[in-house]
2 protein chains.
Amino acid sequence: MAVYTTVSDDALNAFLSEYDIGQAVAFKGIAEGVENSNYYLETTEGRFILTLFEKRADPKDLPYFIGLKQYLAEQGFPCPRPVKAKDGLALRRLADRPAVIVSFLTGLSPKRPNPQQCKAMGIGLAQLHKAAEHFDMTRENALGPSSWPELWRECSASAEALQPGLSSLIEDDLRTLEQAGLDEANLPRGTIHADLFPDNAFFLGNTFAGAIDFYFACTDALAYDLAVCLNAWAFETSGEYNYSKGANLIAGYESVRKLEPTELELLPLLARGAAIRFFLTRLIDWTDTPADALVKPHDPMDYVQRLIFHRSARRAEDYGA
Amino acid sequence: MAVYTTVSDDALNAFLSEYDIGQAVAFKGIAEGVENSNYYLETTEGRFILTLFEKRADPKDLPYFIGLKQYLAEQGFPCPRPVKAKDGLALRRLADRPAVIVSFLTGLSPKRPNPQQCKAMGIGLAQLHKAAEHFDMTRENALGPSSWPELWRECSASAEALQPGLSSLIEDDLRTLEQAGLDEANLPRGTIHADLFPDNAFFLGNTFAGAIDFYFACTDALAYDLAVCLNAWAFETSGEYNYSKGANLIAGYESVRKLEPTELELLPLLARGAAIRFFLTRLIDWTDTPADALVKPHDPMDYVQRLIFHRSARRAEDYGA
């Protein structure tokens, strides 16, 4: 197996003895999530996912991520619920890494979301924002606008190798975004998922069944989360913006939480900023990912195409609002 | 995901409509098996494993493998049972590959089998041989003694690179094995698993709970299967033979099926032959495996160490018989 970290049956049994969830009867490394090692775990009492946090996860962030999932699950939002061990703690250690067991969530990730699923995702996203409204932990967005110039310095050389002339386009984007001052804009803030791609959303048919992988969650502009979703859900693999998917995503969102005028006004820049964020981190991953990784890195070129659309968008209406 | 073949939710749903096993509610690529793509599949009716056969599997062998699992399951031997679609056929196509859905088998693979598990494995192996006694399909062992000289021609250069001087030792082994004429020996034959490593065996505690991955199964000497297990179960990672594990494996086996005098007499050579078979294929895999494979190749050096033991073994008693 090439799951990043392997766990022997003996180590697993010793680990499970700290919990009240029975004995292991099945344990399989699964290809889910990009950053960590994940296992399907079945015990005599139920089904779970065991996550081992690999080196990229900052241990000081883990209580926030686990606290958030705990809080959302308590509010009835469908997400994996961290399981507490006998001592009351959910965050533990296994195989010399931080580890957590969470409840198993059913649902399938759509490969190519349909418009109904985009509507349901918009509703689900707003429900997530509402459910977390009074969550009292905070975390800065480590990949927010202020981080982009530094990420760019890390990968600007690779950008030019990817596509000659790309460098100066990205530099224009960064200049425009800096001038817009997204960080200082008076946007409603709260807890956002910040990485709600179809891979991280589960559906049963067209019904939203839950969100997973909260490891980029942070405190930031709520509309930025919607902007991430527009990038992740409303573009076709051809690179084309699917207006009806985007419109459904926004309409679904607004059926639960109305966007404020400032949020609508800044939507094109937020969408462009989100595209820059994913372009930059994907470009870095593209060159950095070890060859034996369980999960292949995503192609940064997808975001080069999205940026072309965002540069020409002027108003929220261009996205279907 | 880097499972060899990805299957979209839409393709999966269309595929499942050919069956009577309900709708998919969970679907995750799992790191199990070396040759094929495997998915954990949960439907509204139960849990299954979906296997897509990748290019290394010869399509003409698939009816044998699937027929064998079907037969063993009917005899009460614990193994994944192929699920027939509405048209009565278990072997189908998905994502342009042969595909099969089998029942989900619980159990954990031991990382370092204990002596009790070795005993249980010996019993389980003999039960497999008994259960398959009247199975009427046959398959030649494509990796049997007659294939070894050709495998050796493929990798003899890499052997010398692995360890200077190794080449001539392996050539001695091959000469000795050829002179012994294992293929012509009058050994009881039947259906064997031929690859029953701890990875392919499930336990609940110390109780044998089943075998998986029958993709090397074939018609060959029953004692050769025991010889494979001695290599796979009775050596420590240090390379040392664990006499009590080996003795337990043999005693477990003999508690169900007594070994005949010829089988006992040839056991050291069968064990040496099995070690040569795994050494050769591992050495070939070691150099051939693509860097993005889900499963890392096994180290051929493990078998260099085992061969040292086998060369010095003279009688079945040396293995604990």
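(A) Expanded view of the overall build of chain A. Tallying secondary structure elements over chain A gives nine helices and nine strands in all. For a compact globule of 321 residues, the expected C-alpha radius of gyration is about 20 Å, and chain A comes in at 20 Å, within 12% of that figure. Taken over the C-alpha atoms alone, chain A extends approximately 55 × 45 × 35 Å along its principal axes. Residue burial in chain A is summarised as follows: out of 321 residues, 46% are buried. Considering only contacts in chain A between residues 6 or more positions apart, those separated by 24 or more positions represent 72%.

(B) Layout of the packing of helix α6 (residues 222-233) of chain A against helix α8 (residues 261-288) of chain A. Residue and element names in this part refer to chain A. Contact pair α6 / α8: the axes reach a minimum separation of 8 Å and the direction vectors enclose 60 degrees. Taken together, the axes of α6 and α8 lie oblique to each other. Of the two elements, α6 crosses α8, and the hand of that crossing is right-handed. On α8, the residues that touch A223, Y224, A227, V228, L230 and N231 of α6 are E263, L266, L267, L270, A271, G273, A274, A275 and F278. By residue class, the composition of the contact of α6 with α8 is 12 nonpolar, two polar and one charged.

(C) Main features of the pairing of strand β5 (residues 97-103) of chain A. Residues and elements named next belong to chain A. In this sheet, β5 lies alongside strand β3 (residues 46-52) in antiparallel orientation, the contact comprising five bridges. Looking at the pairing, I49 lines up with V102 of β5. The antiparallel pairing of strand β4 (residues 92-94) with β5 creates a hairpin that spans two residues between the two strands, and A95 there sits at a positive phi of about 55 degrees.

(D) Just the domain arrangement of chain A, in detail. All names here are of chain A. Its domain assignment divides chain A into domain 1 (9-103) and domain 2 (115-319). Computed from C-alpha atoms alone, the centre-to-centre distance between domain 1 and domain 2 is 27 Å. The interface is formed by 18 residues belonging to domain 1 together with 18 residues belonging to domain 2. Looking at the side of domain 1 that touches domain 2 residue by residue, the classes come out as 12 nonpolar, three polar and three charged.

(E) View of the environment of A:K84. Looking at the element boundaries, A:K84 is found in the loop between α2 (62-74) and β4. For the pair A:K84 and A:V100, spaced 16 residues apart in sequence, the C-alpha separation works out to 8.7 Å.

(F) Region of interest: helix α7 (residues 243-256) of chain A. Its 14 residues give α7(A) an end-to-end C-alpha distance of 20 Å, which sits within 8% of 20 Å, the value for a rise of 1.5 Å per residue. Those residues of α7(A) hidden inside the fold are in contact with α3 (115-131) and α6 of chain A.

(G) Seen up close, the packing of α6(A) against α7(A). Residue and element names in this part refer to chain A. Contact geometry of α6 with α7 gives a least axis separation of 9 Å together with a crossing angle of 150 degrees. Relative to α7, α6 is oriented roughly antiparallel. Crossing geometry of α6 relative to α7 is assigned as right-handed. From α6, L226, C229, L230 and W233 reach across to α7, where they touch K245, G246, L249 and Y253. Residues of the contact of α6 with α7, tallied by class, amount to six nonpolar, one polar and one charged.

(H) Representation of helix α8 (residues 261-288) of chain B. Between the first and last C-alpha of α8(B) there are 40 Å, a value that for 28 residues agrees with the 40 Å anticipated at 1.5 Å per step. Along α8(B), the sharpest kink reaches roughly 55 degrees, centred on B:L267 and followed within four residues by the proline B:P268.

(I) View of the environment of B:Q163. Residues and elements named next belong to chain B. By the secondary structure assignment, Q163 is in the loop between α4 (148-162) and α5 (166-180). Residue classification places Q163 among the exposed residues on the basis of 12 C-beta atoms within 10 Å. Taking the C-alpha atoms as reference, Q163 lies 25 Å from F197; in sequence the two are 34 residues apart.

(J) Highlighting unusual backbone geometry. Residues and elements named next belong to chain A. A positive phi is found at A95, a non-glycine position, where the angle reads about 55 degrees. Mapped onto the elements of the fold, A95 is located in the loop between β4 and β5. A tally of 15 C-beta atoms within 10 Å means that A95 is categorised as partly exposed.

Cut-off values and rules
Residues numbered from 1 in each chain as written. Chains lettered and ligands numbered in written order. Predicted model: local features only at pLDDT ≥ 70, side-chain atom pairs only at ≥ 80, totals over all residues. Helix = DSSP H or I, 4+ residues; strand = E, 2+ residues; numbered from the N terminus. Rg over C-alpha atoms; globule rule 2.2 N^0.38 Å. Buried ≥ 20, exposed ≤ 12 C-beta atoms within 10 Å, placed from the backbone. Contact = placed C-beta atoms within 7 Å. Axes fitted to C-alpha atoms, helices over the stretch in contact; angles between N-to-C directions. Parallel < 35°, antiparallel > 145°, perpendicular 65-115°, else oblique. Left-handed = near helix turned anticlockwise from the far one by under 90°. Nonpolar A, V, L, I, M, F, W, Y, C, P; charged D, E, K, R; others polar. Pairing = 2+ DSSP bridges. Domains from an automatic or database assignment. Expected span 1.5 Å × (residues − 1). Bend = angle between axes of the 7 residues up to and from the residue.

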